Amino acid sequence: MKLERITTDSCQERVLLLFDSDEQAARDKVRSYLTDNDISPRREYTETRDDTEYEVYYFGSCYIEGHLDNLTEVASGA
């Protein structure tokens, strides 16, 4: 899983969780964590970068901030 933080023009921060096709187990574990904690991405979409297609979960940082450490741990333990 890749995690990106993007600051918008209005000084708000967005968080992207990106999964490539080789990270199916990590994506499934993160998805379970989100469901168990009643967290939903604002948007889900696919994006291609450098010939790799990613599944992207998009969140507002205030909404997901308290869960980022747990999500990273869950994804790395997959």
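Refer to the structure above for everything that follows.
Conventions adopted
What you see as residue numbers is a count from 1 along each chain, following the sequence as written. Residues qualify for local features only when their pLDDT is at least 70, as the model is predicted, and side-chain atom pairs are given and counted only at 80 or more; totals for whole chains, interfaces and linings, by contrast, use all residues. Hydrogens and waters are ignored; side-chain quantities use all the structure's heavy atoms. For the purposes of this entry, the term helix denotes a DSSP run of H or I that reaches at least four residues, the term strand denotes a run of E that reaches at least two, and both are numbered from the N terminus. Values of the radius of gyration come from C-alpha atoms, whereas the globule rule sets the reference at 2.2 Å times the count of residues to the power 0.38. Three exposure classes are used, based on accessible area relative to the maximum for each residue type with a 1.4 Å probe and protein chains only: buried under 20%, partly exposed in between, and exposed over 50%. In what follows, residue pairs with any heavy atoms lying within 4.5 Å of each other are defined as contacts. Areas reported here follow the Shrake-Rupley algorithm with a probe of radius 1.4 Å; residue values treat only the protein chains shown as occluding. Axes, fitted as lines to C-alpha atoms, cover a helix only where it is in contact. Angles between the N-to-C directions of the axes lie from 0 to 180 degrees. Should the near helix be turned anticlockwise from the far one by less than a right angle, the crossing is left-handed, and should it be turned clockwise, the crossing is right-handed. The residue classification treats Ala, Val, Leu, Ile, Met, Phe, Trp, Tyr, Cys and Pro as nonpolar and Asp, Glu, Lys and Arg as charged. All others, Gly included, are polar.

A. Seen up close, the overall build of the chain. Tallying secondary structure elements over the chain gives 3 helices and 4 strands in all. Starting at the N terminus and walking to the C terminus, you meet the elements of the chain as β-β-α-β-β-α-α. Relative to the compact-globule value of 12 Å for 78 residues, the chain shows a C-alpha radius of gyration of 12 Å, a close match. Out of the 78 residues in the chain, the part that is buried amounts to 32%. Sequence-distant contacts, at least 24 apart, represent 56% of the contacts inside the chain between residues at least 6 apart. Roughly 5000 Å² of accessible area belongs to the chain as shown, and the carbon and sulfur atoms make up 40% of that amount.

B. Quick peek at the side chain of Arg27. By the element assignment, Arg27 lies in helix H1 (residues 24-36). With relative accessibility at 16%, the residue Arg27 sits in the buried group. Setting aside residues up to four positions removed in sequence, Arg27 forms contacts with Phe19, Glu55 and Tyr57.

C. Broad picture of the packing of H1 against helix H3 (residues 68-76). Relative orientation of the contacting elements H1 and H3 amounts to 145°, with a least axis distance of 8 Å. Like other packed secondary-structure pairs, H1 and H3 cross with a definite hand, here right-handed. Listed contacts from H3 to Ala26, Lys29, Val30, Tyr33 and Leu34 of H1 are Asn70, Leu71, Val74 and Ala75. Tallied by class, the residues present in the contact of H1 with H3 amount to 7 nonpolar, 1 polar and 1 charged.

D. Main features of the environment of Val56. Among the structural elements, Val56 can be located in strand S4 (residues 52-60). Residue Val56 is classed as buried on the basis of its relative accessible area, which comes to 0%. As for Val56 and Tyr45, which are separated by 11 residues in sequence, their C-alpha atoms are 5.3 Å apart. Non-local contacts of Val56, meaning those with residues more than four positions away in its chain, are made with Leu16, Leu17, Leu18, Arg43, Glu44, Tyr45 and Glu47.

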